[in-house]
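Spelled out, the chains give:
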Amino acid sequence: MKRNFLFLILSIFIVNLYASEVKEAEGISYYKAGFPQVAKPLLIAEYTTDPSTKSETCFYLGNIYFGENKPDSAQIYFKKGLVGNEVDVLNTIGLAMIKIKTDPKSADLEIQNALKLKNSKKNPDYFIAAANAYLFNGLIDQAIIYLDKAKEIKPKYASTAVLSGDIELAKKNVGNACSNYELAILYDPNCKEAYVKYARAYKNVNTPLAIEKLNELKQKDPTFLLVDKELADIYYANNDFDNAAKLYASYLKSGNSNVQDFTKYAMTLFLNKDYTNSLQVAQMGLQKDPRNPAFNRMAMYNNVALGKYDDAIKYADLFFNKSDNPDISYYDYTYYGQALRQTKQYDLAIVQFKKALKLDSTQVGFWKDISDMYGEKLDYKNAISSYNNYLNSIDKSKINVDMIYDLGKLYYDLGNSQTDSANVKKVALIKADSMFAKVVSMDSTSYRGYIWRARTNFALDPETKQGIAKPFYEQTLAVVEAKADVRYNPVILECSRFLGYYYFLKSDFTESKIYWNKILSIDPQNELALKAIDGIDKTLKAAKKK
């Protein structure tokens, strides 16, 4: 069922993105509800398909382009809106709005003249448009003048209450703004713009109130699916990806979505760990827009999450090299690096993680990833160097016992590698021993520092001529036996093997048998222990005969 619904959504996406059919005057209604970017493509289509709304369509398109800082485009539409014999008040105000900052006197005169016309004096919408012309230019005091005149014409009017809220919001008075939006709803319970602007004003201040207000609008008009987009955006911003994904899916049924909506939907599914469906959304988008960086990115991310690393590498190439102006983040390099790492292309993977570090040097944890990859390719010298870069990049107070332990293991691996000189290996083992000594001092109740000191010293003295590993195996054994936990039996076996062998070499057969018997108490059929005890018994028996 979920897959069928997803493909229904994807079909809507393709139809919406590339079809030209538009519901009559839908763009105007969406603009008035507070969704100019959703309204824009619809208004452009309505300009040619609905002559009856041409003047109003041009006015709203002009406002949208002005808001996008495209005054030339805004001017084109305002001029197109000057139709008929009578003066078009809205588009005249629009043209004046463009030059308020460059020629304020002329602009103000044009607005006043338009509002003096017989048909203008009693129309509050024209005065609201004039107020917005100044508000959109950041001139709050002048906007208030025209707001007050609109209120004189029609005191209890939802649109003037919304404008009052907009002005209060521009003054950063969120509470007062929302009080005015509430007033607008009181005047007109169907004033969608008031619900939406109330929610937007409160979404970062009081998120539950914002959600509550949008749910009120949803209950009042269940067909108005743009409210689902607004709710989805709030849930997305608050990391509630489950609710966000459901609401984006619902909104997409409106048929008014765009590429950005679908990329956000794909990202929401990804963050909700629904990798399969997120990948399907991205792939469907790429069928129609193969150079879209967002879809290529999501395809790469999802394939990494699904363990399809070869496919992830393919999409990484498309994202980095065959997408239109990708805005690259350090995440992009690390996801690509993960795919390369999993396919054992370590050198290329390391390059990607270093690029990520170059893009954001605060992500010092990548040095740990780089160190791990060098370790996986058995390049322990670079692994140690990278790990030291990691430790040197973080606050000393945050260096914990696990970090020291990991570094000690790298020195130990270098000391036991097959590629370096005997001197290099000896120096590395001595360094490893010092690291494990720190582990012991930082956590003396754990056996791991002791056992690794034992192993390291055994590597320094593999023939047990000096017996330097002995005290550390004894310390390890004391710690683990005190825990009386069968999980430590493998450690007891290792320590007892060494100590049994050590005392055997010293011809201290009585002490040696103690450790071989420890092994048999855990593993009665242990072949090595049985042979050792048998050998000791035979040696002792032969000695008695002499």
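Structure first, text after, so check above.
Residues numbered from 1 in each chain as written. Predicted model: local features only at pLDDT ≥ 70, side-chain atom pairs only at ≥ 80, totals over all residues. Heavy atoms only, no water.

Visitor: Just to check I follow, could you spell out the overall build of the protein for this structure?
Guide: Along the protein, the regular secondary structure elements total 30 helices and 0 strands. Along the longest, intermediate and shortest principal axes, the C-alpha atoms of the protein span 135 × 45 × 45 Å. With 546 residues in all, the protein has 49% of them scored as buried. For the protein, the exposed surface amounts to about 27600 Å²; the carbon and sulfur share of it is 51%. Taken as two groups, the 72 positive and 64 negative side-chain charges of the protein have centres that lie 4 Å from each other. (Helix = DSSP H or I, 4+ residues; strand = E, 2+ residues; numbered from the N terminus. Buried < 20%, exposed > 50% of the residue type's maximum accessible area, 1.4 Å probe, protein only. Areas by Shrake-Rupley, 256 points an atom, 1.4 Å probe, with all protein chains shown as cover. Lys, Arg positive; Asp, Glu negative; His and termini not counted. Charge placed at Lys NZ, Arg CZ, Asp CG, Glu CD.)

Visitor: Can you walk me through the packing of helix α29 (residues 509-522) against helix α30 (residues 527-545) in this structure?
Guide: A pair of packed helices is characterised by two quantities: the angle between their axes and the separation of those axes. In contact at an axis separation of 9 Å, α29 and α30 are set at 155° when each is read in the N-to-C sense. When the axis of α29 is compared with that of α30, the two are roughly antiparallel. Note on packing geometry: the crossing formed by α29 with α30 is left-handed. Two secondary-structure elements touch here, α29 through F509, S512, K513, W516, N517, I519 and L520 and α30 through L528, A529, L530, A532, I533, I536, D537, T539 and L540. (Axes fitted to C-alpha atoms, helices over the stretch in contact; angles between N-to-C directions. Parallel < 35°, antiparallel > 145°, perpendicular 65-115°, else oblique. Left-handed = near helix turned anticlockwise from the far one by under 90°. Contact = heavy atoms within 4.5 Å.)

Visitor: Whenever I open this one, unusual backbone geometry confuses me. Can you help?
Guide: Leave glycine aside and you will find that most residues have negative phi; peptide bonds, for their part, are mostly trans. Unusually for a residue other than glycine, K172 sits at a positive phi of about 65°. The class of K172 is exposed, set by a relative accessible area of 71%. Look at S507: it is not a glycine, yet its phi comes out positive at around 60°. Examined against the element boundaries, S507 turns out to sit in the loop between α28 (489-505) and α29.

Visitor: Can you walk me through the packing of aromatic side chains in this structure?
Guide: Inspection of every chain in the model, using the stated rule, returns 31 aromatic pairs. Aromatic side chains Y502 and Y503 sit 5.2 Å apart centroid to centroid with 85° between the ring planes, which places their arrangement in the edge-to-face category. We note that Y502, like Y503, is buried. In textbook terms, an aromatic cluster arises when at least three aromatic residues are bridged by ring pairs, as seen for F458, Y473, F498, Y502, Y503 and Y515. Looking at K192, its charged tip hangs above the ring of F224, at a distance of 5.3 Å from the centre. Here the guanidinium or amino end of K213 rests over the ring plane of Y198, the centre of that ring lying 4.7 Å away. (Phe/Tyr/Trp six-rings, centres within 6.5 Å; stacked < 30°, edge-to-face > 60°. Lys NZ or Arg CZ within 6 Å of the ring centre and 35° of its normal.)

Visitor: How should the environment of Y331 be read in this particular structure?
Guide: Residue position: Y331 is located in helix α20 (residues 330-342). For the pair Y331 and V486, spaced 155 residues apart in sequence, the C-alpha to C-alpha distance is 43 Å. Polar side-chain contacts of Y331 include one of 3.4 Å to the side chain of Y330. (Polar contact = N/O pair within 3.5 Å; in protein donor to acceptor, adjacent residues only side chain to side chain.)

Visitor: Which parts of the structure should I look at to understand helix α14 (residues 226-237)?
Guide: Since one α-helical turn is 3.6 residues long, residues separated by three or four positions face the same way. Under the 1.5 Å per step criterion, the end-to-end length of α14 is 17 Å for 12 residues, consistent within 8% with the ideal 16 Å. Of all the 12 residues making up α14, 9 are buried; the element is thus mostly covered by neighbouring parts of the structure. For α14, the complete set of buried residues consists of L226, V227, D228, K229, E230, L231, A232, I234 and Y235. Of the surrounding secondary structure, the elements contacted by the buried residues of α14 are α2 (26-32), α3 (36-49), α12 (192-202), α13 (207-220), α15 (241-252) and α16 (259-271). Immediately beyond the C-terminal end of α14, within one or two residues, lies N239, with a positive phi of roughly 60°. (Expected span 1.5 Å × (residues − 1).)

Visitor: Could you clarify how one ought to interpret the state of the cysteines in this entry?
Guide: For the coordinates displayed, the defined rule picks out 0 disulfides. Among the cysteines around C178, which has no disulfide bond, C191 carries the closest sulfur, lying 13 Å off. (Disulfide = S-S within 2.5 Å.)

Visitor: Explain the nonpolar core to me, please; I cannot follow it from the model alone.
Guide: Generally speaking, nonpolar side chains in soluble globular proteins are found buried as a group. In this structure, I111, L115, Y146, F224, M300 and Y473 are the most contacted members of the largest nonpolar core, which totals 162 residues. Sequence-distant contacts of M300, that is, excluding residues within four places in its chain, are made with A312, Y315, A316, F319, D332, Y335 and Y336. (Core = buried A, V, L, I, M, F, W, Y, C linked by side-chain atoms within 4.5 Å.)

Visitor: I would appreciate a short explanation of the pattern of salt bridges in the present structure.
Guide: A side chain of one charge can pair with a side chain of the opposite charge if their charged atoms are brought near each other. Under the definition given, this model contains 31 salt bridges. Across the salt bridge formed by K246 and D242, the nearest N and O atoms sit 3.5 Å from each other. One end of the pair, K246, and the other, D242, are both in helix α15, 4 residues apart, so they sit about a helical turn from each other. Residue classification places K246 among the exposed positions, given a relative accessible area of 52%. With a relative accessible area of 36%, D242 lands in the partly exposed category. A network of salt bridges, in which partner residues are shared, links K40, E68 and K70. (Salt bridge = Lys/Arg side-chain N within 4 Å of Asp/Glu carboxyl O.)

Visitor: In this structure, what is going on with α30? I would like to understand it.
Guide: Under the 1.5 Å per step criterion, the end-to-end length of α30 is 27 Å for 19 residues, consistent within 8% with the ideal 27 Å. Among all positions in α30, only A529, A532, I533 and I536 are buried. In an axial view of α30, the angular spread of the buried residues amounts to 95°, which keeps them on one side of the axis. Residues of α30 that are exposed and point over 90 degrees away from its buried face: E527, K531, K538, K541 and K545. Taken together, the buried residues of α30 touch α28 and α29. Here α30 starts with a cap whose side-chain oxygen sits 3.2 Å from the backbone nitrogen of L528, and that cap is N526. (Arc of directions from axis to C-beta.)

Function-wise, these values are silent; they only describe arrangement.
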